[in-house]
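So the chains spell out like this:
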2 protein chains.
Amino acid sequence: MSIEKFVVIGAQAAGMTAASQAKRRSPQTIVTVFDAGQDVSVYSCGLPYYLGGVVGDLRELVVGTREAFIEKRKIDLRTGHEVLAIDAGNQRIRVRDRASDREHDEAYDRLCISTGAKANSPTAYFKDLSGVFNLRTMEGARKIHSFIENEKPRTAVIIGGGYIGLEVAENLSIRGISVSVIERMSSAMCQIGPEIGRMINRTLEVNGVKLYAESEAEALDGAGRVRCVHTGKHDLDADLVIVSMGITPNSALGLDAGLTPGAQGALYVNKDQTTSEKNIYAAGDCCDNMNLVTGKRDYVALGTIANKEGRVAGQNAVGGTEVFQGVVGTRIARVFGLEVGRTGLTLAEAREHGFDARAKSIKSYSRAKYFPGGGDIFIKIVYDAPSGRILGGQAAGIEGVKGRIDVFVAACTRRMTISEFSDLDLAYSPPFSPVWDPILVASNVAKRGR
Amino acid sequence: MSIEKFVVIGAQAAGMTAASQAKRRSPQTIVTVFDAGQDVSVYSCGLPYYLGGVVGDLRELVVGTREAFIEKRKIDLRTGHEVLAIDAGNQRIRVRDRASDREHDEAYDRLCISTGAKANSPTAYFKDLSGVFNLRTMEGARKIHSFIENEKPRTAVIIGGGYIGLEVAENLSIRGISVSVIERMSSAMCQIGPEIGRMINRTLEVNGVKLYAESEAEALDGAGRVRCVHTGKHDLDADLVIVSMGITPNSALGLDAGLTPGAQGALYVNKDQTTSEKNIYAAGDCCDNMNLVTGKRDYVALGTIANKEGRVAGQNAVGGTEVFQGVVGTRIARVFGLEVGRTGLTLAEAREHGFDARAKSIKSYSRAKYFPGGGDIFIKIVYDAPSGRILGGQAAGIEGVKGRIDVFVAACTRRMTISEFSDLDLAYSPPFSPVWDPILVASNVAKRGR
């Protein structure tokens, strides 16, 4: 059975991947993509680095141009078109052309919802005052960038000390702006575990970024332009405010059409990326995931996952039989030269999920101790005490964090035990690792602790 | 049952690890270690870097001093004692004290053979001429180092373009010596696959090291001191010659005692590191390994493996129940800034072992393309075509090779398929990887190719 028409809602990572994969697999299928905005398929993880000038030109963050998708890949790409509603029963959607303000119905054989997520933005922060921004889209990055160029802010407050918040903090610092970060929890990036959280706090301090932990932005103040953020305890000078308080899935379109909700208000999807309607797929930040460690639904919104899901949705929409197994909860970031990463569950998360979990932490070295250029590396291993199964890993250091986290990713995915892990024949040579790789040291310590 | 006396032959990585582990687990056991030489427990992988001054002092390469092992760990360490024979039936060994030239018998309840390996050294190369060396021990490193200091060689020839040979080549180059490498195969480090072999050849050339591939050192020439190496095709100036032609296990002591031989003349060992005699263990470069990819005996002599095996032997000798599952054939090296690594099987090896193997190669980037500081990375994935099982991986680039190889290590160990591999939730952020990690790109290409 050949699919005549595949319609995709949303032209970012998941949507454009789905469209491209479908067209590649089934060139005769008409593939139409609607997006309310104008920017197509952006590497949005690069946006913070544009603010600091690490990325010099926003065009470097464009995965593929509008023209390339249309002319080379033969995708019917319609930007400036907002999808208003999905009629699942009749297999059609209602679309408004923003330029002409005209509406029309568009039929589909298969539909993919890839509407992404939106920044959490308390409206109180944004009313009346200029100089207050989110950083979620290319448009947001352009606005902040031109604000910095034109207004030359000397002080900035970042509301929210998560990954994006800290990347923005670092990039504004690079530009000579004095940066404060307001974080509700006791440390920045608390998801990465308490020990690494404290290392991040120290790293921020050393690099001149002031962290206001266990604080909330209660009010913004100024006259026309923002000038101050009040936390209740402190009044922070702010010529510029970036609100970075996490995201919420854009799932309303799907939910209004009667699709089943999944974790955290995102759309529920099966392994083949179908929603509760067999002709409607979802991919990317608007849908939920299977967490392979807990076996429960989860919501992890990241570019890598959006790409994997878009690939599976696009293939399957035109007859493929691909599956996406799920996620293990991996995160990595670099904060002023400190690499921090995690995967699987932290000790606290593992216990919340009912595991009889234990954890061991070790400090080792990124290279052979005698080899120049290395540095300390911290590893924490979380495991199920009765079975020895590895439930998670965390790492921090000046180098070598990604590789070590990625081995934990494989271990969590394949449910390795600490004994199996200790035997891994990991690559060793003095420029790369001590003779006992730090993750093997951690697992040996865990074995002794059982 | 408590073990009264555990005797270890050989005081390097495997032996000292076995002794330390046994003493830690069973403090009342008398643990005696005999070694013919004087240097105890050396990080021998660091020796090439001492020649180039990257490691400034040989003492940095000592894992633990003689005094620390004796006083802190209460190990009865007897250097300068050569073990002449093992009498397995009567559980005793014949030992000669080199200082006094006296011999005596020493009884044991458990014995561990960790006699290591010796450099392959055609005797013709070493007769009559000074300036010709092996680099296998601290003593060898001292001799080469003082030769360089005193004789100021301007030219050097390395016979053998394997890992050690190239590390030595790089380190002699750092000192301003003009270096040539003679290699029998068509590329240096041929074990790492033909494509990466060619990259290494180019890297050597760019860095001023002359590689004479498909060549053999037929004769050495000079008067008292070496001056020239003849390959048949070329006469190479050589004020210094390093012979780096691989190693052979020191297994004669065990084989003479009737122990069963394993792969490549090494001692056969079971998973618990016992030899064919249940009271005699072996660990390190003198014994063979199980290759987890082929399921056959193999001989891989590396410091990491010696440490793991020594750990298991030492624990088990005093009542433990540890196992060492085996190896997957991992190697990594850095050659003038080019990182190269492999694990599992190359395509040629996989076919030799009877697999219906295929391979796909891709070139990607170590970081997000727009993020500064990254570089090209080459990935080759080898898989079993009928099942999709991953059989091996190879990588080369300016950074990020170890981490990617280590994920292949986990995949080869746990027999992941390319489909499972493609789903891995690997760590992503622009400083660390493109949104599709290079190893996922390779596995997606392999999936399409099936």
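Details of the structure are given in the entry above.
## A closer look at the interface of chain A and chain B
Taken together, the contact between chain A and chain B spans 65 residues of the former and 65 residues of the latter. Summing both partners gives a buried area of about 5,700 Å² for chain A against chain B, and 63% of it is carried by carbon and sulfur. Summed over the three residues of chain A that lose the most area to chain B, namely Tyr370(A), Arg414(A) and Asp425(A), the buried surface amounts to 15% of that side. Along the contact surface separating chain A from chain B lie 6 salt bridges. Measuring nitrogen to oxygen at the nearest pair gives 3.3 Å for the salt bridge that ties Glu420(B) to Arg414(A). At the junction of chain A and chain B, the tally comes to 25 residue pairs in polar contact (both at pLDDT 80 or more). Listed by contribution, the elements that provide at least two residues to the side of chain A that touches chain B are helix 9 (303–317), strand 21 (331–335), helix 11 (401–413), helix 12 (418–422) and helix 13 (438–449) of chain A.

## Structural notes on the sheet that holds strand 13 (residues 219–223) of chain A
Residues and elements named next belong to chain A. Here 3 strands make up an open sheet; going across it, the order is 13-14-15 and the pairing antiparallel. A single partner strand is all that each edge strand has here, and the edge strands are strand 13 and strand 15 (235–237). Across the sheet, the axes of successive neighbouring strands diverge by a mean angle of 35°, strand direction being ignored. Inspection of the sheet shows strand 13 paired to strand 14 (residues 225–230) by 5 bridges, in the antiparallel sense. The partner of Gly222 across the bridge, within strand 14, is Val226.

## Overview of helix 13 (residues 438–449) of chain B
Because an α-helix completes one turn every 3.6 residues, residues spaced three or four positions apart along the sequence face the same direction. Along its 12 residues, helix 13 of chain B runs 17 Å from first to last C-alpha, staying within 8% of the 16 Å computed at 1.5 Å per residue. Buried within helix 13 of chain B we find Pro438(B), Ile439(B), Leu440(B), Ala442(B), Ser443(B), Asn444(B), Ala446(B) and Lys447(B).

## Quick notes on the sheet that holds strand 1 (residues 5–9) of chain B
Pairing between the strands of a sheet comes from backbone hydrogen bonds, and it takes one of two forms, parallel or antiparallel. All names here are of chain B. The strand order across the open sheet built from 5 strands is 3-2-1-7-18, with neighbouring strands paired in parallel fashion. Two strands bound the open sheet, and with one partner strand each, they are strand 3 (76–79) and strand 18 (280–282). Taken over all neighbouring pairs, the strand axes of this sheet differ in orientation by 15° on average, direction set aside. Both strand 2 (residues 30–35) and strand 3 contribute to a ladder of 4 bridges, which runs parallel. Across the sheet, Phe34 pairs through a bridge with Arg78, a residue of strand 3. Running at roughly 170° to strand 2, helix 1 (residues 13–25) makes contact with strand 1, strand 2, strand 3 and strand 7 (110–113) of the sheet.

## Quick word on the nonpolar core
Considering soluble globular proteins, one finds that nonpolar side chains tend to be buried as a cluster. Of all hydrophobic cores here, the largest spans 168 residues; its most connected members are Leu172(A), Ile200(A), Phe421(A), Leu172(B) and Ile200(B). Those residues in contact with Leu172(A) that lie beyond four places of it in its chain are Leu51(A), Ile148(A), Ala156(A), Ile158(A), Ile177(A), Val179(A), Leu240(A) and Ile242(A).

## As for the pattern of salt bridges
All names here are of chain A. Taken as a whole, this structure holds 56 salt bridges over all chains when the rule is applied. Between Asp76 and Arg78 there is a salt bridge; the shortest N-O distance is 3.0 Å. You can call Asp76 partly exposed: its relative accessible area is 27%. On the basis of relative accessibility, which here comes to 23%, the residue Arg78 falls in the partly exposed class. Among the salt bridges present, the one from Arg175 reaches Glu149, with a minimum N-O distance of 2.7 Å. Taken together, the positions of Arg175 in the loop between helix 6 (163–174) and strand 11 (178–182) and Glu149 in helix 5 (residues 138–151) put the pair 26 residues apart, joining distant regions of the chain. The class for Arg175 is partly exposed, based on a relative accessible area of 31%.

## Focus: the state of the cysteines
Residue and element names in this part refer to chain B. For the coordinates displayed, the defined rule picks out 0 disulfides over all chains. Counting only cysteine sulfurs, Cys45 is the nearest neighbor of Cys190, a cysteine outside any disulfide, at a range of 19 Å. Relative accessible area serves as the criterion here: at 32%, Cys190 is assigned to the partly exposed category.

## Focus: the relation of the copies chain A and chain B
In the superposition of chain A on chain B (RMSD 0.0 Å, axial shift 0.0 Å), the rotation amounts to 180°. On this basis, the relationship between the two copies can be described by a two-fold rotation axis. Minimal C-alpha distance to the rotation axis in chain A is attained by Gly403(A), lying at 1.8 Å. The overlap is high: 100% of the interface residues of chain A also sit at the interface in chain B, so the same surface is used on both sides.

## Description of the packing of aromatic side chains
Residues and elements named next belong to chain A. Throughout the structure, instances matching the rule amount to 8 aromatic pairs over all chains. When the centroid spacing of 5.0 Å and the interplanar angle of 25° are considered together, the rings of Phe408 and Phe421 count as stacked. With Phe408 in helix 11 and Phe421 in helix 12, this residue pair connects regions lying 13 residues apart in the sequence. Of the two residues examined, Phe408 and Phe421, each falls in the buried class.

## Quick notes on the packing of helix 1 of chain B against helix 9 (residues 303–317) of chain B
Residues and elements named next belong to chain B. Contact geometry of helix 1 with helix 9 gives a least axis separation of 7 Å together with a crossing angle of 35°. By crossing handedness, the relation of helix 1 to helix 9 is classed as right-handed. Along its contact with helix 1, which presents Ala13, Ala14, Thr17, Ala18, Gln21, Ala22 and Arg25, the element helix 9 presents Ala306, Asn307, Gly310, Arg311, Gly314 and Gln315. Each residue belonging to the contact of helix 1 with helix 9 can be placed in one class, and the counts come to 5 nonpolar, 6 polar and 2 charged.

## Topic: helix 6 (residues 163–174) of chain B
All names here are of chain B. The end-to-end C-alpha distance of helix 6, which contains 12 residues, comes to 17 Å, matching closely the 16 Å that a straight helix rising 1.5 Å per residue would cover. Of all 12 residues making up helix 6, 10 are buried, and the element is well covered by its neighbours. By the burial criterion, the buried members of helix 6 are Tyr163, Gly165, Leu166, Glu167, Val168, Ala169, Glu170, Asn171, Leu172 and Ser173. In the segment just after helix 6, Gly176 is the residue with positive phi, at about 85°.

## Comments concerning the pairing of strand 21 of chain A
Residues and elements named next belong to chain A. Counted residue by residue, strand 21 has 4 buried out of 5 residues, so it is predominantly covered. Pairing of strand 21 with strand 22 (residues 338–344), which is carried by 5 bridges, proceeds in the antiparallel orientation. When the sheet's bridge partners are listed, Ala333 is paired in strand 22 with Val340. Here strand 21 folds back onto strand 22 in antiparallel fashion, the turn holding 2 residues, of which Phe336 has a positive phi close to 50°.

Reading guide: rules and limits
Residues numbered from 1 in each chain as written. Chains lettered and ligands numbered in written order. Predicted model: local features only at pLDDT ≥ 70, side-chain atom pairs only at ≥ 80, totals over all residues. Heavy atoms only, no water. Contact = heavy atoms within 4.5 Å. Buried area = accessible area lost by both parts, 1.4 Å probe. Salt bridge = Lys/Arg side-chain N within 4 Å of Asp/Glu carboxyl O. Polar contact = N/O pair within 3.5 Å; in protein donor to acceptor, adjacent residues only side chain to side chain. Helix = DSSP H or I, 4+ residues; strand = E, 2+ residues; numbered from the N terminus. Pairing = 2+ DSSP bridges. Axes fitted to C-alpha atoms, helices over the stretch in contact; angles between N-to-C directions. Expected span 1.5 Å × (residues − 1). Buried < 20%, exposed > 50% of the residue type's maximum accessible area, 1.4 Å probe, protein only. Core = buried A, V, L, I, M, F, W, Y, C linked by side-chain atoms within 4.5 Å. Disulfide = S-S within 2.5 Å. Least-squares fit on C-alpha atoms with pLDDT ≥ 70 in both. Phe/Tyr/Trp six-rings, centres within 6.5 Å; stacked < 30°, edge-to-face > 60°. Left-handed = near helix turned anticlockwise from the far one by under 90°. Nonpolar A, V, L, I, M, F, W, Y, C, P; charged D, E, K, R; others polar.

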